[in-house]
Amino acid sequence: MKQSFSCFRNECPKEKPPVDGLVFGEQFTDHMFLMDYDQEQGWHDGRIVPYGPLELDPAAGVLHYSQTMFEGLKAYRAQDGRVLLFRPDKNEERARMTALRICIPPLPEGTMVEAVKQLVAIDQEWIPEGKGNSLYIRPFIFATEPFLGVRDSKQYKFVVILSPVGPYFAEGMAPTRIFVEDEYVRAAPGGTGHAKIGSNYVGALKAQEKAHEKGYSQVLWLDSKEHRYVEEIGTSNAFFVINGEVITAPLGGTILPGITRDSVIHLLREWGVPVHEKRLSIDQVYQAHQRGELDEMFATGTAAVISPVGELGWEDKVMRINEGRVGALSKRLYDELCALQLGEVADPYNWVVEVK
Ligand SMILES: *Cc1c(COP(=O)(O)O)cnc(C)c1O
């Protein structure tokens, strides 16, 4: 469905930051997309306006009970100048699932993708040139009704903002050190772990802080019941390569259904690499490491695409993986996904969507 949104141009465009000074999530473009919801009109008044602060009633639901959700995707500049999105329909689909989980009225079908396309088209000069650079797109919805009772809000705002970003690994792909968190938990069965909502992330900050204090960059979450089965790494999905087979946690409600995760599984199947979505305990990971069969481990997500893990800390044990180097499969997946996203190779899956 093609929708036309009104556009109020920013008459005072900012100066664009130098490409080598880009820090994730710090700089924003000249415009943003806004749309409102109330019970009488439903979702209405989609518009592109100059980027700037929003006005919010201090009693707005989002400020008290965190009724807020988000998505994350990127726009890339192909060598031939085209502007490309990667599987934006999957973000829209996931946003619908997330919205329903926290009682936010879903956007009409096609609205999120169309809002993203029109906003990116207007600010496309902000897509930094050069390999690894992109425009990070952050759509989000939050409760605006001024009301302190605990129930779903009757008013919401849908916003899309854009932020130019550099390569996740500025100095080339570097394996990270990950800490296995066996005290704090991220998500429980029946909870909200599969939904991209603000409260999942604030609940995870403490564990992240603990990992940082121990010199690790992120945590590997274990299941909430037995503190035994591996789930995700920070804000990305986790993959283990054991004796040539790839294993990742199943989508059972406690992990985020990553679009990069889904794309990786597709590619591996295409390549004939055995891949399983199944439960894997941290003991099994440790034993595989002891046997010398933990070939590779990596995290997947929009920000880094593929982030190899070079070291895993669990209790008092340290597992060095692939001698701390980038594994062959991690590298191959990274190269293939980046090439697809940049329109450099054929796209038999129809994953790439051009912004015109
Ligand atoms: C966003 C996110 C991911 C990765 O999802 P992608 O669609 O691949 O970017 C994984 N885990 C969590 C907790 C996330 O928030």
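Residues numbered from 1 in each chain as written. Predicted model: local features only at pLDDT ≥ 70, side-chain atom pairs only at ≥ 80, totals over all residues. Heavy atoms only, no water.

Caption draft 1: Structural view of the nonpolar core. Judged by nonpolar contacts, the single largest core of 34 residues is most densely connected at F33, V120, I137 and F158. Taken together, the elements giving at least two residues each to this core come down to β2 (31–38), β3 (42–50), β5 (73–77), β6 (83–86), α2 (88–101), α3 (111–122), β7 (134–143) and β8 (156–165). It is α3 that contributes the most residues to this core, five residues altogether. Counting residues in hydrophobic clusters, the runner-up holds 24 residues, among them L268, V273, V305 and I306. (Core = buried A, V, L, I, M, F, W, Y, C linked by side-chain atoms within 4.5 Å. Buried < 20%, exposed > 50% of the residue type's maximum accessible area, 1.4 Å probe, protein only. Helix = DSSP H or I, 4+ residues; strand = E, 2+ residues; numbered from the N terminus.)

Caption draft 2: Spatial organisation of the packing of α2 against α3. Two numbers describe how α2 lies on α3: the axes approach to 8 Å, and their chain directions differ by 135 degrees. By the angle between their axes, α2 is oblique relative to α3. Crossing handedness for the pair α2 and α3: right-handed. In this structure, α2 uses P88, D89, N91, E92 and A95 to contact α3, whose residues at the interface are T111, M112 and V113. Taken together, the residues that form the contact of α2 with α3 break down as four nonpolar, two polar and two charged. (Axes fitted to C-alpha atoms, helices over the stretch in contact; angles between N-to-C directions. Parallel < 35°, antiparallel > 145°, perpendicular 65-115°, else oblique. Left-handed = near helix turned anticlockwise from the far one by under 90°. Contact = heavy atoms within 4.5 Å. Nonpolar A, V, L, I, M, F, W, Y, C, P; charged D, E, K, R; others polar.)

Caption draft 3: Main features of the environment of G292. Following the sequence through the fold, G292 ends up in the loop between α7 (282–290) and β15 (294–301). Overall, the relative accessible area of 59% leaves G292 in the exposed class. Each C-alpha atom of the pair G292 and I321 lies 9.2 Å from the other, and the pair is 29 residues apart in sequence.

Caption draft 4: Local environment of the site of the ligand. Around the ligand sit 15 residues in total, of which K196, Y201, E232, T260 and T302 are the nearest. R94 is positioned with one of its side-chain polar atoms (N or O) 2.8 Å from an oxygen atom of the ligand. Contact between the ligand and T260: an oxygen atom at 2.6 Å from a side-chain N or O atom of the residue. Isolated, the ligand exposes 380 Å² of accessible area, and the fraction of that covered by the protein chains is 96%. The set of elements that each furnish at least two residues to the shell around the ligand consists of β12 (236–242) and α6 (259–271). A per-class count over the shell around the ligand returns three nonpolar, eight polar and four charged. (Near = heavy atom within 4 Å. Polar contact = N/O pair within 3.5 Å; in protein donor to acceptor, adjacent residues only side chain to side chain. Areas by Shrake-Rupley, 256 points an atom, 1.4 Å probe, with all protein chains shown as cover.)

Caption draft 5: Inspection of the side chain of S307 at higher detail. Relative to the helices and strands, S307 is located in strand β16 (residues 305–314). Judged by its relative accessible area of 8%, S307 is buried. In this structure S307 touches F169, T176, F298 and A299, once residues within four positions along its chain are discounted.

Caption draft 6: Inspection of the packing of aromatic side chains at higher detail. By the definition in use, this model includes 14 aromatic pairs. Seen in terms of ring centroids, F5 and F33 are 4.8 Å apart; in terms of plane orientation they differ by 75 degrees. Their pairing is edge-to-face. Residue F5 is located in the segment before β1 (6–7), and its partner F33 is located in strand β2; the two are separated by 28 residues in the primary sequence. Like F33, F5 is buried. Joined through ring pairs, the aromatic side chains of F5, F33 and F158 make up one cluster. Over the face of the ring belonging to F147 we find R151, whose NZ or CZ atom lies 4.0 Å from the ring centre. Positioned over the ring face of Y216 is R177, at 4.5 Å from the centre of the ring. (Phe/Tyr/Trp six-rings, centres within 6.5 Å; stacked < 30°, edge-to-face > 60°. Lys NZ or Arg CZ within 6 Å of the ring centre and 35° of its normal.)

Caption draft 7: Here's a closer look at the packing of α6 against helix α8 (residues 328–341). Contact geometry for α6 and α8: axes closest at 11 Å, N-to-C directions at 110 degrees. With respect to each other, α6 and α8 are oriented roughly perpendicular. Two secondary-structure elements touch here, α6 through T260, S263, V264, L267, L268 and W271 and α8 through L329, R332, L333, E336, L337 and L340. Residues belonging to the contact of α6 with α8 are distributed by class as follows: eight nonpolar, two polar and two charged.

Caption draft 8: Inspection of the domain arrangement of the protein chain at higher detail. Domain parsing of the protein chain yields domain 1 (6–165) and domain 2 (176–341). Distance from the C-alpha centre of domain 1 to the C-alpha centre of domain 2: 27 Å. Buried surface at the junction of domain 1 and domain 2, both sides included, amounts to about 1,800 Å², of which 63% is carbon and sulfur. For the interface between domain 1 and domain 2, the tally reads one salt bridge. For R87, the salt bridge goes to D262, with nearest N and O atoms at 2.9 Å. Contributions of two or more residues to the side of domain 1 that touches domain 2 are made by β4 (68–70), β5, β6 and α2. With six residues, the single largest contributor to the side of domain 1 that touches domain 2 is α2. Class assignment of the residues belonging to the side of domain 1 that touches domain 2 gives a composition of nine nonpolar, five polar and six charged. (Domains from an automatic or database assignment. Buried area = accessible area lost by both parts, 1.4 Å probe. Salt bridge = Lys/Arg side-chain N within 4 Å of Asp/Glu carboxyl O.)

Caption draft 9: Quick look at the environment of G72. Its location among the elements puts G72 in the loop between β4 and β5. Residues G72 and A303, 231 residues apart in the sequence, show an inter-C-alpha distance of 8.5 Å. In contact with G72, other than residues within four places in its own chain, are N91, R94, Y136, I137, P139, K196 and T302.

Caption draft 10: Seen up close, the pattern of salt bridges. Tallied over the entire structure, the rule returns 24 salt bridges. A salt bridge links K90 to E93, with the nearest nitrogen and oxygen atoms 3.9 Å apart. Pair noted here: K90 and E93 are both in helix α2, with a separation of three residues, about one helical turn. Residue E93 is classed as partly exposed on the basis of its relative accessible area of 49%. In this structure, the salt-bridge partner of R151 is E145, at a minimum N-O distance of 2.9 Å. In this structure E145 comes out as buried when scored by relative accessible area, which is 12%.

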